[in-house]
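What the coordinates show
Each chain, written out:
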Amino acid sequence: MAGTVLAASGFAATPASATTYVPLLSGDRVGVQDAAAPGLDTGSIRNTTAQALTGFGGLRLRVSGSSLTAKEQTFNGELMRGFGLQYDGYDRFKTTKAVPLGGISTTRSIRVARDANWLRYFDTFTNTTSHTVTAEVVFGGQTGWNTAITTGAGGTNNTQVLDTTDGDTAVETSDTWVEMGSAATKAGPSTFGPSAVVIGSPTTGFSASSNFLRDSFNQTIATTGHEGNFTGYKNTLTLLPGESRSLLRYVVTGISETRALTTGAPIPAAGTQIAQVKTDAGTLATTPVVADLTPAELCSVANWAPSALGGTLNCALVTPLDPDVARQVPTPVTSSPYDVVGKTIEQMQADMTSGKTTSQEITRAYLDRIAAYDTGQYGFHSYIYVADDAMEQAKKADEARAAGTKNAMLGIPVGVKDLYSTYDMPTTGGSRVFDGFQPQKDSFIVKRIRQAGGVIIGKTNLSEYANSGHFSESAFGQVWNAFEPSKSSIGSSGGSAVSTALSLNSWTLGSQTGDSLWGPSSAASLYTLRGTDGMTSNARVMPLTWLQDYAGPMTRSVGDLADALNVITGTDPEDFRTKDADKYRPADWRSTFKDDALKGKKIGYLPSAFADPFGTTATSDALKATFPTFEAAGATVVQMTGTQPTAPTVPAGQSLGDRSYEGWSRWLQEHPESGYTDATQIIMSQKRLPYSRYAPATYQGAGPMTESNIQTWLKYRADYKQKIADWMDAQGVDAVVYPGLLSDVNLNDGQIPSFGRLDPPSSASGAPTVIFPVGVNPNGEPMNLQILGKAWEDDKLLGYAYAFDKIKQGHVLPTTAPALEYEADVTPKPIVIEKPAPAITVPAAPDPNTNTNNPTAPAAGGTTTPVATTPPAPVKIAITVKYATSATVKSGRVRFTLSNSSTQTLTGVVTLKARLIVSGKVKTITLGTASISVSAKGKKTLLVTLTSAAKKSLKGRTKITATASYQLANASGTSLTKSKSLKIKLR
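Conventions used here
- Residues numbered from 1 in each chain as written.
- Predicted model: local features only at pLDDT ≥ 70, side-chain atom pairs only at ≥ 80, totals over all residues.
- Heavy atoms only, no water.
- Helix = DSSP H or I, 4+ residues; strand = E, 2+ residues; numbered from the N terminus.
- Buried < 20%, exposed > 50% of the residue type's maximum accessible area, 1.4 Å probe, protein only.
- Contact = heavy atoms within 4.5 Å.
- Areas by Shrake-Rupley, 256 points an atom, 1.4 Å probe, with all protein chains shown as cover.
- Polar contact = N/O pair within 3.5 Å; in protein donor to acceptor, adjacent residues only side chain to side chain.
- Salt bridge = Lys/Arg side-chain N within 4 Å of Asp/Glu carboxyl O.
- Disulfide = S-S within 2.5 Å.
- Expected span 1.5 Å × (residues − 1).
- Arc of directions from axis to C-beta.
- Core = buried A, V, L, I, M, F, W, Y, C linked by side-chain atoms within 4.5 Å.
- Phe/Tyr/Trp six-rings, centres within 6.5 Å; stacked < 30°, edge-to-face > 60°.
- Lys NZ or Arg CZ within 6 Å of the ring centre and 35° of its normal.
- Axes fitted to C-alpha atoms, helices over the stretch in contact; angles between N-to-C directions.
- Parallel < 35°, antiparallel > 145°, perpendicular 65-115°, else oblique.
- Left-handed = near helix turned anticlockwise from the far one by under 90°.
- Nonpolar A, V, L, I, M, F, W, Y, C, P; charged D, E, K, R; others polar.
- pLDDT = per-residue confidence, 0-100.

With respect to the overall build of the chain
The secondary structure content of the chain amounts to 18 helices and 41 strands. Per-residue burial for the chain yields a buried fraction of 63% across its 987 residues. Look at the contacts in the chain between residues 6 or more apart in sequence, and 73% of them connect residues 24 or more apart. Element-wise, carbon and sulfur atoms account for 52% of the exposed surface of the chain, whose accessible area totals about 34100 Å².

Dropping the structure here:
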């Protein structure tokens, strides 16, 4: 039985690109987070090719007053999303669903200047209440990351203020624009492209600068350190009942002054791009481009002097703006009398045994919370599917209990990362490549949970193919942080972590190749175990790197972790790695729970492991401040010398083989019903998110691993585990403690590292780590520690975590999804079936950072080596365009024929424009657009459908001269912009 599809609401009905990339005059491309997959739908700029921005243009809104619902209180001041931003195929993004918050209805429209190098943001706020409302608005985001600026050499990943309107680097309310860049001075060179924000007129442009990362309405812009990369600009609006006010801003971008934008392109001289961005910003500040805005829109603008927007406009005679407003969402309630928030498996089992509740009430409570908190414009998007038969499963569990069955997992609802095969729900890996695919059999671990009486409540969201360790972005939505809904959930098991943290299930299955158990768990204050290779089975779990992948649980308590391990660990005849699992797993993982488990133990730590690569110290200092808890539990904390073991060297003449290809090949053998016959079809599929696709011939798969490759890989991992054991013995320690996250989590709308990360050598070697929460850092974000042990000492590690947790009790619950009010007679709210529009390729759309987070080979220090993504030599685009020079205004269509003489399929968009004399003035009218997809050596007839405005403008005319502008790209990444003038007879 198929499950319910979940994703963000308000998506455009017409296809749009996942993070649509639009070309600029400089040759740069700017990626706008629109409504299509992965569905962040913020309107912010994910990145540009030149990395001028890395998550910028976001909007925070804080409303004062009592009109906020309990759910809205959670999002008051957080990053806004759910606009249903629809791309017109050329240069505009427009809200299709206004966003409500505290009686304020917000819309935004974005214009990308393809003939220049800027974006215009027009955000409108309408008071839908009957009383005056004060709204504080912060516009901004992230321009870089890390902390170092290399004086005289241009800079690193960090950015800083380079210039402002008055020529200094102090951001003041008199400034009309501010420029940022990754350079030591405005003399350059800027490593990444510089950028500027045009804020408005002096004194009215903004009321205060802002730290867009945290406490944005109270903190001003940071001038040093990592937080200096997060700049924002605050405005305060007082809105009368029914009144609309707008904020108009421009974002200007430049290209790098140290590296070529594309192969063979010239590198701009130092300081020239910084100067160009300054010039462009200054011009827009004095002469804003607003001719296409209506008088009502111009009269609603609050941050520019009226004289700057037209001068002679008499707003007293203009009919006020009447934007779309959002329907206020009613306060959600639950039909279950049982409160599941924060409940452990042990507590729920006790309550079911005593008759206080039932599995059906527990399951209903979770389903109601999913409907309330996981869907809609502010949904966390932690689920992809919810089981249609969840209540039926719960009913069977209640019947089994009544018949005398006893089991710690009986009737407990469990979430499953959507990599694990489930016979009754689709398994997608977060990708359209597997959209709707439903396996014939459960994975070994899912089968174990069902046999234990667990309720499989749904499939949790993840990074597509588990490809990212920093974000959980899939074709079915992107997951948001459980504690701060503006931030990343971390990847790839973000949906699993967030759903459990928010009490949308009792616990979940996740997986880890690099950091995907410990990273999301750290950000969500959860417990997990990345066990020794083979402690759990990977059978029927979608792979990333064969043998390095690990399937594991994520829980809200150490007791829940033991209960989950009792079910899922053990030998699986279908997975040879697990042959020793039954030998080393305890009969009952709770038997490791001893208060003195740490007594007499030596816990080592490496100071270098606690050094945040972003340069922050607040989190690392707070983590080290928890070390006395080990001592209180009877252990000794030992500062180790030297460095951790490096990875083994692969002997000359031997190879580890292609482990990604091997993993998918084995998965295909397990799933002949998938419809695919070769791993390359999966890895190379153009149905993947556009910025995760490989161009044809980029992925040079070596095919299945040979027996020699397999033995070399097995020996490599065995040797690595032995090196770790020898290292611990030489240092005289029983285990080594490592940090979880080393910094605050970054915002969710960029594409650079989302947190300070230094991996222990666990995933790369297959040695075990136990991960557990230790409270919060000084900024209130969850912190975790992880303890690395020797191979097959998983049980000891769990005992250490228990003894530490007994004293520290470091788990914290988020406040973003409070308990729902109980109404006995309420009809359960349905979980709305919503889905982002499928991602399509648009002109010049490939992300320059394709697959940078795809770990396929272990390297020294437990890190991983990305797959090389350098594209092959471009294949030249060759086209012949033939025009039929007639059109019918009544039918509203203009017909073209395009012949593709290339050797690859062409994709793109054609835009038809005409210059017409209207009321004595020359105006450029967009007649319409059409998508293009023409196969190699093929021919396509295109129909451009005229817009209603175009029909009106053309009425009564017999002929016009139009310009057809083609934006084309082929699979090699080659792009082409071409225009041709044509005469059209109108019939």
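More follows now that the structure is in view.
Here's the deal with the side chain of Asp759
Secondary-structure assignment places Asp759 in the loop between strand E29 (735-739) and strand E30 (769-776). Within the structure, Asp759 has its side chain in polar contact with the side chain of Arg757 (distance 2.7 Å).

Concerning the environment of Trp667
Note on placement: Trp667 falls in helix H14 (residues 659-670). Here Trp667 falls in the buried class, since its relative accessible area comes to 1%. Distance in space between the C-alpha atoms of Trp667 and Pro543 is 7.5 Å, their sequence separation being 124 residues. Setting aside residues up to four positions removed in sequence, Trp667 forms contacts with Ser421, Phe434, Phe437, Val541, Met542, Pro543 and Ser674.

Observations concerning the pattern of salt bridges
In the structure shown here, the tally under the stated rule is 34 salt bridges. Note that Asp123 is salt-bridged to Arg108, the shortest N-O span being 2.8 Å. Here Arg108 lies in strand E9 (residues 104-113) and Asp123 lies in strand E10 (residues 118-127), a separation of 15 residues in the sequence. Like Arg108, Asp123 is buried.

Description of the environment of Pro330
On the secondary structure map, Pro330 appears in the loop between helix H3 (295-300) and strand E18 (333-334). A residue is classified by how much of its surface remains accessible, and Pro330, at 56% relative accessible area, is exposed. In this structure, the C-alpha to C-alpha distance between Pro330 and Thr69, residues 261 residues apart in sequence, is 8.1 Å.

Things to note about the state of the cysteines
Inspection of every chain in the model, using the stated rule, returns one disulfide. There is a disulfide in this structure between Cys299 and Cys315, and the S-S distance comes to 2.1 Å. On the sign convention where negative is left-handed, the bridge of Cys299 and Cys315, at about -90 degrees about the S-S bond, is left-handed. Remark: Cys315 occurs in the loop between H3 and E18 and Cys299 occurs in helix H3; sequence separation between them is 16 residues. With a relative accessible area of 22%, Cys299 lands in the partly exposed category. Note on Cys315: relative accessible area 35%, which makes it partly exposed.

Remarks on the environment of Asp729
As for its position among the elements, Asp729 is in helix H16 (residues 707-731). Spatially, the C-alpha atom of Asp729 lies 10.0 Å from that of Lys790, the residues being 61 residues apart in sequence.

A closer look at helix H2 (residues 272-286)
The terminal C-alpha atoms of H2, which comprises 15 residues, lie 21 Å apart, in line with the 21 Å expected from a rise of 1.5 Å per residue. Within H2 the residues assigned to the buried category are Gln273, Ile274, Val277, Asp280, Ala281, Leu284 and Ala285. Relative to the axis of H2, the buried residues are bounded by an arc of 135 degrees and lie together on one face. In this fold, the buried residues of H2 make contact with E10, strand E12 (160-164), strand E13 (177-181), strand E14 (195-198) and strand E17 (244-253).

Overview of the nonpolar core
Residues Phe434, Trp507, Phe630 and Phe772 are the most contacted members of the largest nonpolar core, which totals 190 residues. Looking at which element gives the most residues to this core, the answer is helix H5 (residues 359-373), with eight residues. With residues near it in sequence (within four places) discarded, Phe630 still touches Leu598, Ile603, Ala635, Val637, Val737, Phe772, Leu785, Ile787 and Phe804. Core analysis: the next-biggest nonpolar cluster, separate from the first, contains 20 residues, Ala113, Val198, Leu248 and Leu293 among them.

Section: helix H8 (residues 494-501)
The buried fraction of H8 amounts to eight of the eight residues, a majority that puts the element mostly inside the structure. When H8 is considered as a whole, its buried residues turn out to be Gly494, Gly495, Ser496, Ala497, Val498, Ser499, Thr500 and Ala501. At the C-terminal side of H8, Ser503 shows a positive phi close to 60 degrees.

Some words on the packing of aromatic side chains
Scanning the model with the defined rule gives 30 aromatic pairs in all. Here the aromatic rings of Trp145 and Phe192 are separated by 5.7 Å at their centres, their planes lie at 20 degrees, and the arrangement is stacked. Of this pair, Trp145 sits in the loop between strand E11 (133-142) and E12 while Phe192 sits in the loop between E13 and E14, and the two are 47 residues apart along the sequence. Here Trp145 matches Phe192 in class, with each residue buried. Taking the centre distance of 6.1 Å and the plane angle of 55 degrees together, the rings of Phe434 and Phe437 count as tilted. Phe437 carries the same exposure label as Phe434, and that label is buried. In this structure an aromatic cluster arises from ring pairing among Phe434, Phe437, Tyr465, Trp664, Trp667 and Tyr676. When the ring centre of Tyr691 is taken as origin, the NZ or CZ atom of Arg46, which lies over that ring, is 3.8 Å away. For Arg81, the ring lying beneath its charged end belongs to Trp480, and the centroid distance is 3.8 Å.

Details of the packing of helix H10 (residues 558-568) against helix H17 (residues 794-808)
Closest axis-to-axis distance for the H10/H17 pair is 10 Å, and the angle between their directions is 160 degrees. The angle between the axes of H10 and H17 places the two elements in the roughly antiparallel class. Crossing handedness for the pair H10 and H17: left-handed. Residues Val558, Leu561, Ala562 and Leu565 of H10 touch H17, and the partners they reach there are Leu798, Tyr802 and Asp805. Each residue belonging to the contact of H10 with H17 can be placed in one class, and the counts come to six nonpolar, no polar and one charged.

Examining unusual backbone geometry
Cis peptide bonds are those with omega within 30 degrees of zero, and the linkage from Ala37 to Pro38 qualifies with 10 degrees. Checked against the element boundaries, Pro38 lands in the loop between strand E3 (29-32) and strand E4 (45-48). In this structure, Pro189 follows Gly188 across a cis peptide bond, with omega equal to 0 degrees. Note that Pro189 resides in the loop between E13 and E14.

Quick word on the confidence of the model for the chain
Model confidence for the chain is summarised by a mean pLDDT of 87, while 83% of its residues fall at 70 or above. Taken together, the stretch residues 1-17 has pLDDT below 50 and engages in 84 contacts with residues farther than four places along the chain or on a different chain. Below pLDDT 50 for its whole length, residues 840-891 participates in 163 contacts with residues either more than four positions away or in separate chains.

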